[in-house]
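Listed here are the chains, written in short residue letters.
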Amino acid sequence: MREVDFTVVAQPRLSPAMLDKIADTFQRKQGRSATAEDAQAWWDWIWPEFETYWSAKRYRNIARAILSWAARCREHELEQALVVCEVAKNIALERKQESLNAEDNVTQIDYFAKVAK
């Protein structure tokens, strides 16, 4: 069996100003209100695909490329990104709960006990 080698580019952190620009782009193109948190969720969702194109084309102006991608985003794609973001937050809370519960000196806590099912 042969190993497959590839290089991974670390996901760039977007500045608050850039996230606001992306949210503004969503508002103008989709006619819906969007926040910087929505823009961050979209960026986390789109990054693997964006990285593939970026490594192939090496955009000269990365900020312009990101805004161009945001302008082409459809509403259902943004909704999917928000759902994935919410699931990721819940998984992080569950892992934190498990680590706290694993400690001997901590009473077991269930963060999700009050969540309606």
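It should be emphasised that the depicted structure is a prediction, and the values quoted were computed from it without experimental measurement.

Undergrad: Would you explain the overall build of the chain in this entry?
TA: Scanning the chain for helices and strands turns up four helices and zero strands. Start at the N end of the chain and walk to the C end: the helices and strands fall as α-α-α-α. Counting every position in the chain, which comprises 117 residues, the buried fraction comes to 25%. Long-range contacts, defined here as pairs at least 24 residues apart, represent 52% of the contacts in the chain between residues at least 6 apart. Accessible surface for the chain amounts to roughly 9000 Å². Of this, 52% is attributable to carbon and sulfur atoms.

Undergrad: Any chance you could explain the environment of Arg13 here in plain terms?
TA: Inspection of the secondary structure puts Arg13 in the segment before helix H1 (16-30). Looking at Arg13, the relative accessible area reads 83%, which means it is exposed.

Undergrad: Is there a simple way to think about the pattern of salt bridges in this case?
TA: Working definition: two side chains of opposite charge can pair if their charged atoms are close together. Considering all chains together, one arrives at one salt bridge under this definition. Here Arg28 makes a salt bridge to Asp24, at a shortest N to O gap of 3.3 Å. In this pair, Arg28 and Asp24 are both assigned in helix H1, four residues apart and thus about one turn of the helix distant. Exposure remark for Asp24: the relative accessible area of 36% places this residue in the partly exposed category.

Undergrad: What exactly am I supposed to notice about helix H3 (residues 62-72) here?
TA: One turn of the α-helix equals 3.6 residues, which is why residues spaced by three or four share an orientation. Along H3, the residues classified as buried are Ala65, Ile66, Trp69 and Ala70. Buried positions in H3, seen along its axis, are confined to an arc of 140° and lie on one side of it. Structurally, H3 contributes buried residues whose contacts are with H1 and helix H2 (36-57). The backbone nitrogen of Ala63 lies 3.2 Å from a side-chain oxygen of the residue at the head of H3, namely Asn61.

Criteria and thresholds
- Residues numbered from 1 in each chain as written.
- Predicted model: local features only at pLDDT ≥ 70, side-chain atom pairs only at ≥ 80, totals over all residues.
- Heavy atoms only, no water.
- Helix = DSSP H or I, 4+ residues; strand = E, 2+ residues; numbered from the N terminus.
- Buried < 20%, exposed > 50% of the residue type's maximum accessible area, 1.4 Å probe, protein only.
- Contact = heavy atoms within 4.5 Å.
- Areas by Shrake-Rupley, 256 points an atom, 1.4 Å probe, with all protein chains shown as cover.
- Salt bridge = Lys/Arg side-chain N within 4 Å of Asp/Glu carboxyl O.
- Arc of directions from axis to C-beta.
- Polar contact = N/O pair within 3.5 Å; in protein donor to acceptor, adjacent residues only side chain to side chain.

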